[in-house]
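Observations on the three-dimensional arrangement
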Amino acid sequence: MCQGQAEEILRSKEFDAIRGRVQLIFTSPPFPLNTKKKYGNLKGGEYMTWLTNFGPLFRQMLAPNGSIVIELGNSWEPGLPVMSTLALKALLYFQEQNQLHLCQEIICHNPARLPSPAQGVTIERIRLKAVDLHPNLTHYTA
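For every chain, the first residue of the written sequence is number 1, and numbering continues from 1 onward in sequence order. Predicted model: local features are reported for residues with pLDDT of at least 70 only, side-chain atom pairs are reported and counted for 80 or more only, and whole-chain, interface and lining totals are derived from all residues. As a rule here, side-chain values come from all non-hydrogen atoms in the structure, and water together with hydrogens is ignored.

So, on to the layout of surface pockets. Grid spacing is 1 Å over the protein atoms alone, the probe is 1.4 Å, and a cavity is where that probe fits but cannot get out, while a pocket is an open set with protein on both sides within 12 Å along at least five of seven lines and lining residues have an atom within 4 Å of a point. Grid points are joined across faces, edges and corners, and a volume is the space filled by probe spheres set on the points. Counted as a void, the second largest pocket has a volume near 340 Å³. Ala6, Glu7, Pro30, Trp50 and Phe54 are, among the 18 residues lining the second largest pocket, the residues nearest its centre. For the lining of the second largest pocket, the elements supplying multiple residues, two or more each, are helix H1 (6–11), helix H2 (44–52) and helix H3 (54–61). Put simply, DSSP marks the helices as runs of H or I at least four residues long and the strands as runs of E at least two long, and each gets a number from the N terminus on. Broken down by element, the lining of the second largest pocket gets its largest block of residues, 4 residues, from H1. Across the lining of the second largest pocket, the residue classes break down as 13 nonpolar, 4 polar and 1 charged. Think of it as three bins: nonpolar holds Ala, Val, Leu, Ile, Met, Phe, Trp, Tyr, Cys and Pro, charged holds Asp, Glu, Lys and Arg, and polar takes everything else, Gly as well.

So, on to the environment of Arg19. By the secondary structure assignment, Arg19 is in the loop between H1 and strand S1 (22–27). Classification of residues uses two cut-offs on accessible area relative to the type maximum, computed with a 1.4 Å probe and protein chains only: under 20% is buried, over 50% is exposed, and between them is partly exposed. The exposure class of Arg19 is partly exposed, given its relative accessible area of 22%. Between the alpha carbons of Arg19 and Arg59 there is a distance of 8.8 Å; along the sequence they are 40 residues apart. In what follows, residue pairs with any heavy atoms lying within 4.5 Å of each other are defined as contacts. The residues contacting Arg19, other than those within four sequence positions of it, are Leu10, Arg11, Ser12, Gln60 and Met61.

With that settled, the discussion passes to the packing of H2 against helix H4 (residues 86–97). Two elements in contact, H2 and H4, have axes separated by 9 Å at closest approach and are oriented at 40°. The orientation of H2 with respect to H4, classified from their angle, is oblique. The interaxial crossing formed by H2 with H4 has right-handed handedness. Contact residues: H2 offers Gly44, Tyr47, Met48, Leu51 and Thr52, while H4 offers Leu86, Lys89, Ala90, Tyr93, Phe94 and Gln97. When the residues that make up the contact of H2 with H4 are grouped by side-chain class, the tally is 7 nonpolar, 3 polar and 1 charged. A fitted line through C-alpha atoms serves as each axis, taken over the contacting stretch for helices, and the angle formed by two N-to-C directions is quoted from 0 to 180°. Any angle between 65 and 115 degrees counts as roughly perpendicular, while under 35 counts as roughly parallel, over 145 as roughly antiparallel, and the rest as oblique. Each helix crossing is assigned a hand: it is left-handed if the near helix lies turned anticlockwise from the far helix by less than a right angle, otherwise right-handed if that turn is clockwise.

Looking now at the confidence of the model for the chain. You can read pLDDT as the predictor saying how much it trusts each residue, on a scale of 0 to 100. Averaged over the chain, the pLDDT score is 81; the fraction of residues at 70 or greater is 76%. Considering each helix and strand of the chain separately, the mean pLDDT is smallest for strand S4 (residues 137–141), with a value of 45, and largest for H3, with 96. In this model residues 138–142 is a low-confidence stretch, pLDDT under 50, and it forms 13 contacts with partners more than four residues away in sequence or in other chains.

What follows is the structure in structure tokens.
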């Protein structure tokens, strides 16, 4: 079993046998959150560079027709009821710097998830909360 920093593990000889043969890399890296976490999450340009540096490692692993799926969660600007655009910028930077194509964006709608940021949605009521009307249709209401 491999254990350690993902960058080091992907470079290790243990993966030599599958380089260039992987059909799908499905990853959920640490999100670019504004609150410091125990695992030492990065912010801003540092986050964008860190994520982008995985591109060459992933490309070495992928088969010519392979795909990369990255889950990047939302975060909110500190003290404001607005979404941070860092995850979007990081994804585009990752794509551009690694000469990749964005095939599709999938938005996850989980009606069981608490609305966030809670202060803006449930207390101040200045943000919208999603209401699931139909499995294929999302309607937003104040």
